[in-house]
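# Reading the structure
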Amino acid sequence: METTAGGLVTDRAEVASLDDYHVGAALDGLVDGSGYWTDKGALAGIERTGRYLAGTWDPPTPDGGVGRAGEGSWAPWFIGRIGTVALRAAAPSTREERRRRLLALLEIWADGPFCDPAGRIRTGLVRIAEGDPMAVRDERGAAVAVGWNRDRLRKFVDLRTGEADAPSLGVIEEVTDAPRGGWGSAEQLRRLVGLVRERGPVPWDHQAVAALREGTGMGRAAASLVLAGMHVRGRIPFLENEEREILRLKVAEAEDGASEHARLTALDRLELLADVLPEDPAELWEPHGMRGVAERIAEAWRERYGRRTVVPERTHNAVVELQMLRLSAADFCAAFTNPTAEPGLSAPVDTWIKNTDHGPMVSDANARWDVARFEDRLLSIVPNLFWVYAELPAGDLVREGAPGLVRVFQERLNHPGLLLDAGTLDREVGASVAELHERFGYQPYAGPERLEVASIDDGLTVVTDGVVDRRGHLSRTRLYFRPAFYGADERSRALSGARFDSRYDRELGLVEWLRGPDCARIMERIESAALPAGAYETNPAASAPDVVARVAGGLGIDEDAAALYLQLLALSAPTDRSVRTWNGWKPARHQKAAAVLVERGLVVEDKRPRAGRQLFLPGEWIHAKKPYQPMEAWKADLIGVDRSYNGLLESPLPLPTRTLPELFAHAWALVEDGAGPSL
């Protein structure tokens, strides 16, 4: 029985057709899980829940219930935070099929009790016995169960009409008053819905994106996504071509921007954007309407998360092209500009080994994922330190921050409580803890919880046996180490000799390199300020002018041609675009230098897949599949790149052993000694 004159919004044909599994996609990132969002009827369930609580709708039968309304997170989260949904509904980058569903939800919300500032609404968890009703109502108010049954615990929402508590569905385990106030009155919601339908979505303002980026330190892509209502990557396609064109984002930029805020929860996103829309939604269509939104988002962001240093957009975009899996470009850059403010680097990390369904694993003592965040930065940043040194110009904020970041890494690695994964045991050394006592001793690992497998702990190395999975497979014995105690002693040699040599188990090698002389010389080179601001170390005319002069004199060529020859000899990927950037050359100057090298027979002209250049050293060319870089065999030997069993380059670039001036000098010395590239 309906008791409201207007009837249910979701009974209208045009709304009922929208009430399907696409509602979940429209709300992606703003609700938890999938739950009932993949079914029909989520919008109707939300509307009936609100109308039932308000007493304006009754189920067709007494035990008919109010219907399913997605997973239960919407009830406690959307109340007082519906402004986030409104922002997404108005954004031009929201595809129309999603916008229509969001507008329908806003219309439903405006007709219900959830945006009534006088409504006394609570949400929480209730324990419901089997057979008990999922909705109750009397003169005190009403309560409705929402979400899934987990151990007979259900999320609920109730509304009381007087001073007494609303009737209960069962034993209340947890309860809190729903937030009130803020943006999203019934009038504001109806006005925004009407304006979007009348005028179309809000015009996109790239200056607003720039203001948000400046106010927070986000990357441009991340700022664009936040301003558009916090799109996330959970649904494919993440952004269609038209959506990316509105935001002026390439595919890689959009993916990186989404990963920048991947750690934010759905509730984080809702709270951040809940009150950023103007009091009168019509202001959004004014010339600078979105800039006001950007300023309010920036203020809310700084209150919650602080402000990162804004790095040059060219630097951020160059980091995006690295396509790191563990870190966004913004996280990468922030580690250089303010390392002690970053997760995993801000304080020493205490870790221990705990039991899991997949066997023993390292966890930080406070279970805050600090060790995972530290490892993310160790594994992503250290292999790219040479790239930062070589391919960012002198004076760049990220490049200048490298020595300080290295010192922070070294401090964290010197903390005795830090355990890192050293990889798997080499089967030639042994297959289990029982076979390793002679190498590592007999003392078992003693942590906060007793391990379910055999273990050894010699103070530096912890060894744990593998576990049998559900398929009956025994995992390999694993090694862990405390980097604070790793050095040149007998225990360290025992660990190095026991570890399976795999390019995927790199923590030990990274620790060695960070503490070694090669890293120290590279950081000293950055701190020496030997390069003028804006110059690149990859330009030997700037970084090694004496070597360029020797090459020019030895070969009888001009210095431009000599510099280009050194770049082709020593650099892993001297693409035409990169060379012109590093050297500050126009195409004509580049072509003139290239012609000299071709005429002298020092290089050959060719077209080769994924090379990005026209000039090559004579001799064998080694192919490689993405993400690895093809290059000349002579050069691969020079910088220490190993070939795989099939002759291809299928391993990452090794950690450097020389600064670039040293590498340029070494390459030329080989040529002078008659050991240079040849056919």
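Everything quoted here is computed from the prediction, not taken from an experiment. (Residues numbered from 1 in each chain as written. Predicted model: local features only at pLDDT ≥ 70, side-chain atom pairs only at ≥ 80, totals over all residues. Heavy atoms only, no water.)

### A word on the sheet that holds strand S11 (residues 478-481)
Strand order across the open sheet formed by four strands is S8-S11-S10-S9, with antiparallel pairing between neighbours. Each edge of the sheet is formed by a strand with only one pairing partner; in this case those strands are strand S8 (420-424) and strand S9 (455-457). In this sheet, adjacent strand axes meet at a mean angle of 20° when their direction is disregarded. Across three bridges, the pairing between S9 and strand S10 (residues 461-464) is antiparallel. Bridged to Ser-455 within S10 is Thr-464. Strands S8, S10 and S11 of the sheet are contacted by helix H21 (residues 490-498), whose axis makes an angle of about 145° with S11. (Pairing = 2+ DSSP bridges. Helix = DSSP H or I, 4+ residues; strand = E, 2+ residues; numbered from the N terminus. Axes fitted to C-alpha atoms, helices over the stretch in contact; angles between N-to-C directions. Contact = heavy atoms within 4.5 Å.)

### Concerning the confidence of the model for the chain
Across the chain, the average pLDDT comes to 91, with 96% of residues at or above 70. Per-residue pLDDT stays below 50 along residues 1-5; that stretch engages in 13 contacts with residues further than four places along the chain or on separate chains. (pLDDT = per-residue confidence, 0-100.)

### Comments concerning the environment of Arg-613
Within the fold, Arg-613 resides in the loop between strand S12 (604-605) and strand S13 (615-616). Judged by relative accessible area, which is 5%, Arg-613 ranks as buried. A sequence separation of 34 residues divides Arg-613 from Val-579, and the C-alpha atoms of the two residues are 9.5 Å apart. What Arg-613 contacts, discounting residues up to four positions off in sequence, is Leu-568, Pro-574, Thr-575, Asp-576, Asp-606, Trp-621, Glu-632 and Lys-635. Only 2.9 Å separates the side chain of Arg-613 from the backbone oxygen of Leu-615, close enough to count as a polar contact. Within the structure, the side chain of Arg-613 is placed 3.0 Å from the side chain of Glu-632, a separation counted as a polar contact. (Buried < 20%, exposed > 50% of the residue type's maximum accessible area, 1.4 Å probe, protein only. Polar contact = N/O pair within 3.5 Å; in protein donor to acceptor, adjacent residues only side chain to side chain.)

### So, the packing of helix H27 (residues 576-583) against helix H28 (residues 587-599)
Two elements in contact, H27 and H28, have axes separated by 10 Å at closest approach and are oriented at 110°. By the angle between their axes, H27 is roughly perpendicular relative to H28. Contacts from Asp-576, Val-579 and Arg-580 in H27 reach Pro-587, His-590 and Gln-591 in H28. Per-class residue counts for the contact of H27 with H28 are two nonpolar, two polar and two charged. (Parallel < 35°, antiparallel > 145°, perpendicular 65-115°, else oblique. Nonpolar A, V, L, I, M, F, W, Y, C, P; charged D, E, K, R; others polar.)

### Quick look at helix H14 (residues 313-320)
Note on helix geometry: an α-helix contains 3.6 residues per turn, so any two residues three or four positions apart are oriented the same way. Regarding H14, the residues found buried are Thr-315, His-316, Val-319 and Val-320. Along the long axis of H14, the arc covered by the buried residues comes to 145°, so they all point the same way. Residues of H14 that are buried in the fold lie against helix H8 (206-216), helix H11 (251-260), helix H15 (329-337), helix H17 (385-391) and helix H18 (397-400). (Arc of directions from axis to C-beta.)

### Focus: H8
Listing the buried residues of H8 in full gives Ala-208, Val-209, Leu-212, Arg-213, Gly-215 and Thr-216. Turning to H8, the residues buried within the fold contact helix H9 (220-227), helix H13 (289-305) and H14. Put simply, Asp-205 is the residue that caps the front of H8, since its side-chain oxygen is 2.9 Å from the backbone nitrogen of Gln-207. Backbone geometry just downstream of H8 places Gly-217 in the positive-phi region, at approximately 85°.

### Description of the packing of aromatic side chains
Across all of its chains, the model carries ten aromatic pairs by this definition. Each ring, one from Trp-74 and one from Trp-109, has its centre 6.1 Å from the other, and the planes form 80°; the classification is edge-to-face. Taken as a pair, Trp-74 in helix H4 (residues 74-78) and Trp-109 in helix H6 (residues 96-111) lie far apart in primary sequence, 35 residues in all. Like Trp-74, the residue Trp-109 is buried in the burial classification. On the numbers, 5.1 Å between centres and 85° between planes, the contact of Phe-616 with Trp-621 is edge-to-face. With respect to class, Phe-616 is no different from Trp-621; both count as buried. The rings of Trp-74, Phe-78, Trp-109 and Phe-114 are connected pair by pair, giving a single aromatic cluster. Lying over the aromatic face of Tyr-52, Arg-137 brings its terminal NZ or CZ to 4.5 Å of the ring centre. Taking the ring centre of Phe-616 as reference, the NZ or CZ of Arg-608 above it sits at 4.1 Å. (Phe/Tyr/Trp six-rings, centres within 6.5 Å; stacked < 30°, edge-to-face > 60°. Lys NZ or Arg CZ within 6 Å of the ring centre and 35° of its normal.)

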